[in-house]
Amino acid sequence: MSRFWKIALIVVAVVVLAIVAVRLLHKPGGAGGPGGMDGDKDKAPVPVTVVPVAKENVPVYLTALGTVQALNTISVNPQVGGQLIKLDFTEGQQVKKGDLLAEIDPRTFQASYDQALAKQKQDEASLATALSTLKRNQALVASGYVAALDMDTYRNNVSQLQAAVVQDRAAAESAKVNLDYTRITSPIDGVAGIRAVDPGNVVTTTSTIVTLTQLHPIYVIFPLPEQNLDMVRKAQQAAPLQVAALDRTDKTPVATDGVLQVIDNQIDTTTGTFKLKSQFPNASNALWPGQFVNVRLQVRVDDGALVIPAEAVQRGPDGDYVYQVQGDNTVKMQPVVVAGEVGDSHVMVGSGLNVGEQVVTEGQFRLKPGSKVTPLKPGEVPPAPTDAELKKAKQQGQGGRRGGH
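Residues numbered from 1 in each chain as written. Predicted model: local features only at pLDDT ≥ 70, side-chain atom pairs only at ≥ 80, totals over all residues. Heavy atoms only, no water.

**Brief notes about unusual backbone geometry**
Now for step 1: His216 connects to Pro217 through a cis peptide bond whose omega is -5°.
Now for step 2: Checked against the element boundaries, Pro217 lands in strand β9 (residues 210-225).
Now for step 3: Look at Asn285: it is not a glycine, yet its phi comes out positive at around 60°.
Now for step 4: Checked against the element boundaries, Asn285 lands in the loop between β12 (273-280) and β13 (292-309).
Now for step 5: Positive phi, close to 60°, is recorded for Asn329, a residue that is not glycine. (Helix = DSSP H or I, 4+ residues; strand = E, 2+ residues; numbered from the N terminus.)

Encoded structure:
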């Protein structure tokens, strides 16, 4: 190829590159054009929902999985053996202390009691005779009609009969107690469980008739990690600690009127936890022995804590952050430290924000640092575009299409 043609090709290439460069410089969205860096500034503000950082008194809770435990659980066993002739309760029935639960055939025990009473009356009659004899002979000793040795015999006879009467009374009382034991009564207020025996069976002192559980009040036992021990002890010394029991979803309260009763006196070395016992009035029987509940123990109240909605907090590679609205209605990524949860919808901010500052709670996916926004209150919708805004948007769209040809 001759030198002339080489020069011609170079000139043509330079001209083509110049034309391409001119087209790129005048294309919408290109560098320096309306759609470039300066074009970002002309974009419509992004409507977002914002909420100010609030200052509240926030209760601080410790949570755990707890087990409901009856205040008292009684296995009702007969105290005498015999044939069970009757059950006087219904399974699941509320019983009061002293209510009749079951009856054992009393005939043998009634006969023993009657026999003891008869023996007591017999010895009491003999004692009365001996006392009368002793009294008469005491008047005759001085006259010499009764020997002193005989008087010793009379006194000893009286003493023996007095002892016999005391023994008879004790035997009669013992027989009466055994007779009373044939009527089995409730030792507590509680709920009767499922019966363990049926009428007609011969029961012994090892037989269980029914198990009673006392539900008012009732306990909830739960563990906490050992690192919380000092916090709980100090809080309990200051004031009684409130305890709430929630259902398995950890959302619906089952009972909220509990009070911490006992902190166990040792730490379980296998689990690194310590046990706590709380007491609930349980007036509505919402808690039931053996039930699992989520326990929420309030240990203190933080006065003037900073609170924001939980949806405002975003997760980034460097930690948590929020989009904070600045004075010129642009946003910046503000790192924050979340100090804890506040209910189901808010969090407590430990650092990074001040009271009153605005954070974005909805619309973050359309934002980046420096984006211009239209702040809206929760539930507020952006206003409809005006005719002038619609006309301007249409003109920009037509300009963009022309630039693309």
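Further notes follow.
**Here's the deal with the pattern of salt bridges**
Close approach of charged atoms allows side chains with opposite charge to pair.
Now for step 1: Taken as a whole, this structure holds 9 salt bridges when the rule is applied.
Now for step 2: In this structure, the salt-bridge partner of Arg107 is Asp105, at a minimum N-O distance of 2.8 Å.
Now for step 3: Overall, Arg107 belongs to the exposed group, its relative accessible area being 61%.
Now for step 4: Taking the relative accessible area as the measure of exposure, Asp105 reaches 16% and is therefore buried.
Now for step 5: As a salt-bridge pair, Glu124 and Arg169 come within 3.8 Å of each other at their nearest N and O atoms. One end of the pair, Glu124, is in helix α3 (residues 107-141); the other, Arg169, is in helix α4 (residues 148-180), with 45 residues separating them in the sequence. (Salt bridge = Lys/Arg side-chain N within 4 Å of Asp/Glu carboxyl O. Buried < 20%, exposed > 50% of the residue type's maximum accessible area, 1.4 Å probe, protein only.)

**Regarding the environment of Lys277**
Now for step 1: Of note, Lys277 is situated in strand β12.
Now for step 2: Separated by 14 residues in the primary sequence, Lys277 and Ile263 have C-alpha atoms spaced 6.6 Å apart.
Now for step 3: The contacts of Lys277, once residues within four sequence positions are left out, are Gln69, Tyr219, Val220, Ile221, Leu260, Gln261 and Val262. (Contact = heavy atoms within 4.5 Å.)

**With respect to the sheet that holds strand β6 (residues 183-185)**
Now for step 1: The strand order across the open sheet formed by 4 strands is β6-β5-β3-β8, and the pairing between neighbours is antiparallel. With partners counted over all chains shown, the strands left at the sheet margins are β6 and β8 (202-203), one partner each.
Now for step 2: Two elements, strand β3 (residues 82-87) and β8, share 2 bridges in a ladder whose sense is antiparallel. Note on β8: the bridge partner recorded for Gly82 is Val203. (Pairing = 2+ DSSP bridges.)

**Focus on helix α5 (residues 229-238)**
Now for step 1: Those residues of α5 that fall on the buried side of the exposure criterion are Leu229, Val232 and Ala235. For α5, the angular spread of the buried residues around the axis is 140°, confining them to a single face. Exposed residues on α5 whose side chains face more than 90 degrees from its buried face are Lys234, Gln237 and Ala238.
Now for step 2: Buried residues along α5 sit in contact with β2 (54-76), β9, β11 (253-263), β12 and β13. (Arc of directions from axis to C-beta.)

**Re the environment of Pro223**
Now for step 1: Assignment of secondary structure puts Pro223 in strand β9.
Now for step 2: Along the primary structure Pro223 and Thr273 are separated by 50 residues, whereas in three dimensions their C-alpha atoms are 5.9 Å apart.
Now for step 3: Setting aside chain neighbours within four positions, we find Pro223 in contact with Ala64, Leu65, Thr273, Phe274, Lys275 and Leu276.

**Thoughts on the pairing of β13**
Regular strands show a simple pattern: their side chains alternate between the two faces of the sheet.
Now for step 1: Pairing geometry for β2 and β13, over 13 bridges, is antiparallel. For Leu65, the partnering residue across the bridge sits in β13 and is Asn294.
Now for step 2: Note that strand β10 (residues 242-246) and β13 share 4 bridges and pair antiparallel. Counted as the bridge partner of Ala244 is Arg296 from β13.
Now for step 3: Note: β13 against strand β18 (residues 346-351), 4 bridges, orientation antiparallel. Paired with Ile308 across the strands is Val347, a residue of β18.

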